[in-house]
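Structural features, examined
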Amino acid sequence: MGTKADGETKTILKKLAIYLPSFYLIYYLWSILLVGSLKVDWNELGAYPFRIRKDEFSPAHRDAALGAWLAMVLTYLCSLGLTYGVVKATRKSWDYVVTSSLVHWVLCIIVNQAFPVNWIWWLTILLATLLISVAAEFVNYYLRDMREIELDHV
């Protein structure tokens with residue numbers, strides 16, 4: 001009987017099948033909260049996570065643009081817990097964070113039919129990916145790998 005390793009293709013695909021929809025579920029939950037609290041038109045909710053233009057995505061504005069930026073930042077912060085719960089491997093955690101960012105980048109291009117040129121969007125997604133990748137490795141390492149191992153006293 002063999003055991004399934006974290007590096008096997010089937011295991012990675014199963015975890016990605018859980019990780020990516022969960023990532024967007026969290027993204028849309030934050031988007032719903034921010035659309036409601038910032039009194040943004042509810043018709044904008046569908047494409048809210050995919051905003052890339054400067055007038056639609058900026059922390060400097062006090063409207064929907066701030067909400068779109070906050071939704072991304074808060075989603076990446078919550079993905080730290082998602083990485084801990086789903087990935088469960090220190091050396092693989094950064095892979096899932098980077099993969100979710102790449103998928104998000106591709107989906108943003110598809111939804112907007114344009115390449116993101118907003119420097120705020122790029123800075124936010126790159127910093128969030130880098131910081132959450134490093135933090136996810138530390139969280140998995142210290143909370144999962146460094147747990148005390150109970151030994152039977154023989």
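The model shown is predicted, which means the values in this text are computed figures rather than measured ones.

The rules behind the values
Residues numbered from 1 in each chain as written. Predicted model: local features only at pLDDT ≥ 70, side-chain atom pairs only at ≥ 80, totals over all residues. Heavy atoms only, no water. Patch = residues over 30% accessible without salt bridge, like charges linked within 9 Å, V, L, I, M, F, W, Y side chains within 5 Å. Areas by Shrake-Rupley, 256 points an atom, 1.4 Å probe, with all protein chains shown as cover. Salt bridge = Lys/Arg side-chain N within 4 Å of Asp/Glu carboxyl O. Helix = DSSP H or I, 4+ residues; strand = E, 2+ residues; numbered from the N terminus. pLDDT = per-residue confidence, 0-100. Buried < 20%, exposed > 50% of the residue type's maximum accessible area, 1.4 Å probe, protein only.

Before going further, it helps to examine a nonpolar patch on the surface. Taken together, the side chains of Trp119, Leu123, Leu127, Leu130, Leu131, Val134, Phe138, Tyr141, Tyr142, Leu143 and Met146 make up a nonpolar region of the molecular surface, amounting to roughly 1200 Å² of accessible area. Mapped onto the elements, Leu123 comes out in helix H4 (residues 119–145).

Another point: the confidence of the model for the protein chain. Per-residue pLDDT for the protein chain averages 88, and the proportion of residues at 70 or more is 90%. Averaged over each element, pLDDT in the protein chain is lowest for H4 (92) and highest for helix H3 (residues 93–112) (94).

Taken as a whole and judged by the stated rule, the model has two salt bridges. We note a salt bridge from Arg51 to Glu44, for which the minimum N-O separation is 2.1 Å. On the basis of relative accessible area, Glu44 is assigned to the partly exposed category, the value being 30%. Glu56 serves as the salt-bridge partner of Arg53, at 3.8 Å between the closest nitrogen and oxygen. When its relative accessible area of 37% is taken as the criterion, Arg53 is described as partly exposed.

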